[in-house]
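Listed here are the chains, written in short residue letters.
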Amino acid sequence: GRYQVFLGVDKMRKKHPKEYYRRLKEGAEYIIKESKKESKGVPVSKWLTEIEKDIPRTIPSVPLLKSKEGRASLLRILVCYYYRSPQSIGYCQGMNLIAGGLLTVMKNEEDAFWALVCVIESRLGYYTKSMAGLLVDQYVLRSLFAFYLPELYDHMKSLDVDVSSFTTSWFICLFMETPVPYKTCLGLWDYLFCYGDEMLFQVALAVLRKKRKEILAIDDNGVLLCYVLKLGADLEKWLLSDVSRDLGELIQSIATLRRRYQIQVLDENSKIAEHSRVDRIRKRYRIETAEEVQELWNTFLSPSPYAILVQNCIPSMVWFSSALAKAVYPKERRKWRESGLLSGFMSQMFNIVDVSGTRQINFDNFVWLTQILKYGSNTQRAKLVFMFFDMDGDGKVSKMDLFNGLKKVQRMYGGRKDSSDRRKFMMVNSFLFWYSMTRNESRPFKQVKVVMEAKPFGFTIGQLKIGKTRFLEVSSVDGAIEEHNVEPGWKIYSVNETVCWDKNVEEMVEICKHATLPCHLVFEKPYDIKMSSNEFVGCIDMLIKLEPRLNQLFFAREAKTLSPTAKNVKNSLKGSSRKTKDHIVSWFRDKLK
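Quantities reported herein were computed from a predicted structural model and do not represent experimental measurements.

So, how was this worked out
Residues numbered from 1 in each chain as written. Predicted model: local features only at pLDDT ≥ 70, side-chain atom pairs only at ≥ 80, totals over all residues. Heavy atoms only, no water. Helix = DSSP H or I, 4+ residues; strand = E, 2+ residues; numbered from the N terminus. Buried < 20%, exposed > 50% of the residue type's maximum accessible area, 1.4 Å probe, protein only. Polar contact = N/O pair within 3.5 Å; in protein donor to acceptor, adjacent residues only side chain to side chain. Contact = heavy atoms within 4.5 Å. Axes fitted to C-alpha atoms, helices over the stretch in contact; angles between N-to-C directions. Left-handed = near helix turned anticlockwise from the far one by under 90°. Nonpolar A, V, L, I, M, F, W, Y, C, P; charged D, E, K, R; others polar. Arc of directions from axis to C-beta.

Quick look at the side chain of Arg123
If you trace the backbone, Arg123 turns up in the loop between α8 (109-121) and α9 (132-148). Assessed through its relative accessible area of 9%, Arg123 is described here as buried. In terms of polar contacts, Arg123 uses its side chain to reach the side chain of Ser122, at 3.2 Å. Beyond its immediate sequence surroundings of up to four residues, Arg123 is in contact with Leu174, Leu192, Asp197 and Leu200.

And the structure:
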């Protein structure tokens with residue numbers, strides 16, 4: 001259809017995996033089904049309640065949206081969009097009218113969803129919590145109104161009726177039913193989607209121009225406000241012919257005024273004006289002063305102030321890394337070789353606070369992370385380290401999780417070295433040996449038998465000390481032994497049945513040098529134990545001894561008692577996964593990085 005072409009629906013759809021909408025729909029159907037259990041005491045999300053209340057109010061004159069099937073489709077579309085962008089937008093009242101209008105034209109539910117994505121995300125600033133884009137365009141409209149209709153503007157200003165008092169719904173709903181009737185608005189949308197946002201301003205000015213005499217005849221503030229709020233009952237086809245004549249006239253003026261007012265809106269929002277928001281954040285994270293909250297807000301916006309304000313979140317890992325380094329690592333970051341970006345350190349930190357798996361970090365989650373890193377108790381920081389090492393988010397830390405986490409830390413400081421993987425394998429295996437022994441397991445190690453047909457064997461020998469006990473271990477591998485997948489950090493148990501646990505390094509070298517061929521070597525490797533959060537926290541001191549730079553990253557700053565009273569990031573992540581039957585959060589994380 002025409003909307004698919006004008007909006008670029010197919011192009012938007014192709015940017016995403018084929019299963020994208022189906023997965024979202026499965027999650028939406030699950031959460032809608034769960035919401036019906038409210039009578040059984042199951043709490044329903046506030047945003048879902050708002051959507052369900054708005055469904056019956058959506059263009060009730062259209063038969064499709066009066067039917068059970070049509071309303072069910074509209075509900076699914078809006079819930080799917082909420083899960084597409086929960087941190088930045090979620091659901092904003094007025095989106096129901098846009099989604100409803102699109103559904104009546106496109107008929108197909110998935111097409112209507114993608115059309116909604118195109119409409120909303122081409123003017124994000126209208127629908128985010130900051131509404132920065134809406135504020136800018138209302139300033140633009142006020143200037144155009146004052147310039148093109150000065151007499152009418154002065155009259156309304158004298159009665160203290162500002163355009164923002166009645167145009168919020170105009171812009172958010174793209175005039176659908178507010179104030180333009182459904183059928184007329186569909187024709188208006190043809191122009192809007194084809195020619196762009198100039199139509200928003202042309203229509204607003206045309207409506208005011210058409211009602212000029214009636215507005216000038218009103219000299220009471222309350223009466224005038226009621227009148228302009230109900231504009232549109234008799235707007236018909238004249239509107240399109242009147243507006244289409246002037247298309248193109250305002251394009252340059254709008255662009256110039258937008259640049260001007262973006263600076264103003266950014267300046268107005270550079271300070272957190274809502275005292276309730278400041279107090280909530282201070283109480284939740286035990287921040288001592290409002291000035292500290294303001295400083296964090298400035299840091300949050302710093303990578304790209306207007307873009308982050310418009311989206312109400314940090315949508316980029318690069319921007320996030322800049323803000324986090326500025327807030328927590330102002331000196332330490334000088335030692336990093338690549339700002340934490342190429343090693344994957346910042347990417348993993350980003351994943352920790354990306355609680356919805358949609359690559360969006362809101363201010364609350366940013367504050368949570370910075371406060372834990374700067375002032376959290378040692379236990380809280382250790383749990384954060386656990387989340388860092390839990391690469392796949394399964395609630396357990398495995399051998400490969402340890403290896404990959406250490407690799408990110410070491411590469412951030414030392415760059416990519418060919419020999420570094422050997423060292424990391426040795427560190428991880430040594431750590432797992434120590435961990436197994438501290439648990440007093442009956443069989444903490446697994447024996448691996450290797451037969452060598454020729455010399456040299458291709459490994460070097462070192463010594464591992466666990467408590468008062470010393471063990472011989474493989475310190476590096478290079479050559480024939482690699483074919484048997486022997487790793488640095490494995491213990492050397494015997495050579496041709498000669499037990500080596502009581503030998504020193506020099507004695508072991510001699511034994512290997514004089515060993516007869518074929519030589520039967522027996523190594524011991526640790527089992528690949530998966531540690532829970534509590535088990536991991538109990539081992540944090542040993543892990544820091546193996547990799548001291550973990551201390552600089554997570555424990556170097558002064559510890560305080562920080563006990564956020566609201567949901568922490570880990571609980572938010574679990575909650576999101578549970579509510580959507582794991583269809584949405586985990587899938588986003590796997591597919592959309």
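And the narrative resumes.
Some remarks on the packing of helix α18 (residues 275-285) against helix α23 (residues 363-375)
Between α18 and α23, the shortest axis-to-axis distance is 11 Å and the interhelical angle comes to 35 degrees. Seen along the crossing, α18 lies across α23 with a hand that is right-handed. Touching Arg277, Arg280, Ile281, Arg284 and Tyr285 of α18 are Phe363, Asp364, Val367, Trp368 and Gln371, all from α23. Of the residues assigned to the contact of α18 with α23, the class counts are five nonpolar, one polar and four charged.

Observations regarding α18
Those residues of α18 that sit buried are Val278, Ile281, Arg284 and Tyr285. Here the buried residues of α18 occupy an arc of 140 degrees about the axis, which is enough to place them on one side. Residues of α18 that are exposed and point more than 90 degrees away from the buried face comprise His275, Ser276 and Lys283. Positive backbone phi, at 50 degrees, marks Arg286, one or two positions downstream of α18.

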